[in-house]
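This is what each chain is made of:
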Amino acid sequence: MNQLADLLQHSDYPVVMTGAGMSTESGLPDFRSNTGLWKNQNPAALASVEAMENNRSEFLAFYQSRIEALAGVLPNDGHHILADWEQKGFIKSIITQNVDGLHQQAGSRHVAELHGSIAALHCHSCGASADSSRYTNNETSCPVCGGFLRPNIVLFGEMLPEEAIAFAQQESTRADLFIVLGSSLSVAPASYFPVDAKQQGARLVIVNRTETDMDKEADLLVQGENIGSILKEADHHLKD
Ligand code: APR
């Protein structure tokens, strides 16, 4: 029997938390692995309010490239398996740090986007929303007030969306199985949720190519393998 499948079948409330490693098999870079976005770029100089205000041209170029990189990117097998598992009741929800919208595109419904979504923009002055295609057309002025249009994502130093946090807290408390897929667990408060779940008595699964700070707390640790193949293997056993 496959250990992950076995844990899923013997749990009442499995919850999944994903990081950028969930989307690398769709062709998107993660942040902290050898090919990650932060390998040769300083997050604080690009993904912060300070950068948006004082380093606007690089801020804009960075997010224009991330929005353009999403064009044509599709959910991978792992995203589809998680959506299928939600439909079948094998998992209850997904807490994601990703802003690419690939879980929802694959059909997952109960998704908390802790760090927002790059699919849309809003005005930093009046809050009016705008489509992210404006960035690809180099349009950055708010059509309502002329303010600066910025992506709907949480920049370093900003508060996370209250609704997403509340949902993630609720789900981490209810979870009796908490599955981390493709995150280095190095950014708070997202990194607190597996700790909360574990403290509430949940069993913890970590599937990540490289080490995380939570590895020694994991009841099942799957390291060095791709999420897609791990989920496919477990899915095969769940179908048996
Ligand atoms: N299968 C398994 N693990 C993978 C795969 C894969 N196909 N691809 C990458 N990984 C692992 C990497 O080894 C890495 O440890 O996924 C992890 C991704 O970690 P990070 O790059 O740190 O991404 P994440 O944890 O999501 O970062 C959290 O940091 O910069 C902020 O807002 C940004 O949401 C992001 C947050």
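Higher on the page you've got the structure.
Cut-offs and rules
- Counting restarts for each chain: residues are numbered from 1 in the order of the written sequence.
- Given that the model is predicted, a residue must reach a pLDDT of at least 70 before its local features are reported, and side-chain atom pairs must reach 80 or more before they are shown or counted; all residues, however, enter totals for whole chains, interfaces and linings.
- To get the side-chain values, take all heavy atoms of the structure and skip hydrogens and water.
- Between rings of Phe, Tyr and Trp, where Trp is taken as its six-membered ring, a pair exists when centres lie within 6.5 Å; planes separated by under 30 degrees are stacked, by over 60 edge-to-face, and by other angles tilted.
- Each ring is checked for a lysine NZ or an arginine CZ that lies within 6 Å of its centre and within 35 degrees of its normal; such an atom marks a charge sitting over the ring.
- The criterion for strand pairing is that DSSP finds at least two bridges linking the strands in question.
- The numbering of helices and of strands both runs from the N terminus, where a helix is a DSSP run of H or I of at least 4 residues and a strand a run of E of at least 2.
- To get an axis, a line is fitted to the C-alpha atoms, and for a helix only the part in contact is used. The angle between two axes follows their N-to-C directions and goes from 0 to 180 degrees.
- Here the expected length of a helix is defined as 1.5 Å per residue gap, with one fewer gap than residues.
- Burial classes: relative accessible area under 20% of the type maximum marks a residue as buried, over 50% as exposed, and values in between as partly exposed (1.4 Å probe, protein chains only).
- Directions pointing from the helix axis toward each C-beta atom define the arc.
- For this analysis, residues touch if any pair of their heavy atoms sits within 4.5 Å.
- Residues are called lining when one of their atoms sits within 4 Å of a cavity or pocket point, these points coming from a 1 Å grid over the protein atoms alone, where a cavity is a set in which a 1.4 Å probe fits but cannot get out and a pocket is an open set with protein on both sides within 12 Å along at least five of seven lines.
- Grid points are joined across faces, edges and corners, and a volume is the space filled by probe spheres set on the points.
- Note that Gly is not counted as nonpolar here; it falls among the polar residues with everything else outside the nonpolar set of Ala, Val, Leu, Ile, Met, Phe, Trp, Tyr, Cys and Pro and the charged set of Asp, Glu, Lys and Arg.

> Describe the packing of aromatic side chains, naming the residues involved and giving the relevant values.
The description of an aromatic ring pair uses the distance of the two centres, along with the angle that the planes make with each other. Under the definition given, this model contains six aromatic pairs. Ring geometry for F31 versus W38: centroids 5.3 Å apart, planes at 35°, classification tilted. One aromatic cluster is present, formed by F31, W38, F59, F62, Y63, F148 and F156 through successive ring pairs. The lysine or arginine in question, R56, covers the ring of F148, its NZ or CZ lying 3.7 Å from the ring centre.

> I'd like to hear about the sheet that holds strand β8 (residues 203-208), residue by residue, with values.
The six strands lie next to each other as β3-β2-β1-β7-β8-β9, forming an open sheet whose pairing is parallel. Among the strands making up the open sheet, the edge pair consists of β3 (111-113) and β9 (220-223). When strand polarity is set aside, the average angle formed by the axes of neighbouring strands in this sheet is 15°.

> Run through helix α8 (residues 162-174), naming residues and quoting values.
Think of an α-helix as 3.6 residues a turn; residues three or four steps apart then line up on the same face. Between the first and last C-alpha of α8 there are 18 Å, a value that for 13 residues agrees with the 18 Å anticipated at 1.5 Å per step. Buried residues of α8: A164, I165, A168, E171 and S172, and no others. Down the axis of α8, the sector holding all buried residues measures 135°, keeping them to one side. Among the exposed residues of α8, those pointing more than 90 degrees away from its buried face are E162 and E163. At its buried positions, α8 is contacted by β1 (14-18), β2 (93-96), β3, β7 (177-181) and α9 (192-199).

> Describe the pairing of β9, with residues and values.
Remark: a regular strand shows side chains that alternate across the two faces of the sheet. Of the two faces of β9, only one is covered, namely that formed by L220 and V222; the face formed by L221 and Q223 stays uncovered. Here β8 runs beside β9; their pairing, made up of four bridges, is parallel. Looking at the pairing, I206 lines up with L221 of β9.

> Could you give me a rundown of the layout of surface pockets, with the residues and numbers involved?
Volume-wise, the largest pocket comes out at about 1100 Å³. Lining of the largest pocket is provided by 49 residues; of these, A20, D30, F31, R32 and N98 occupy positions nearest its centre. No other element matches the five residues that helix α4 (residues 56-70) contributes to the lining of the largest pocket. Of the residues contributing to the lining of the largest pocket, the split by class is 22 nonpolar, 18 polar and nine charged.

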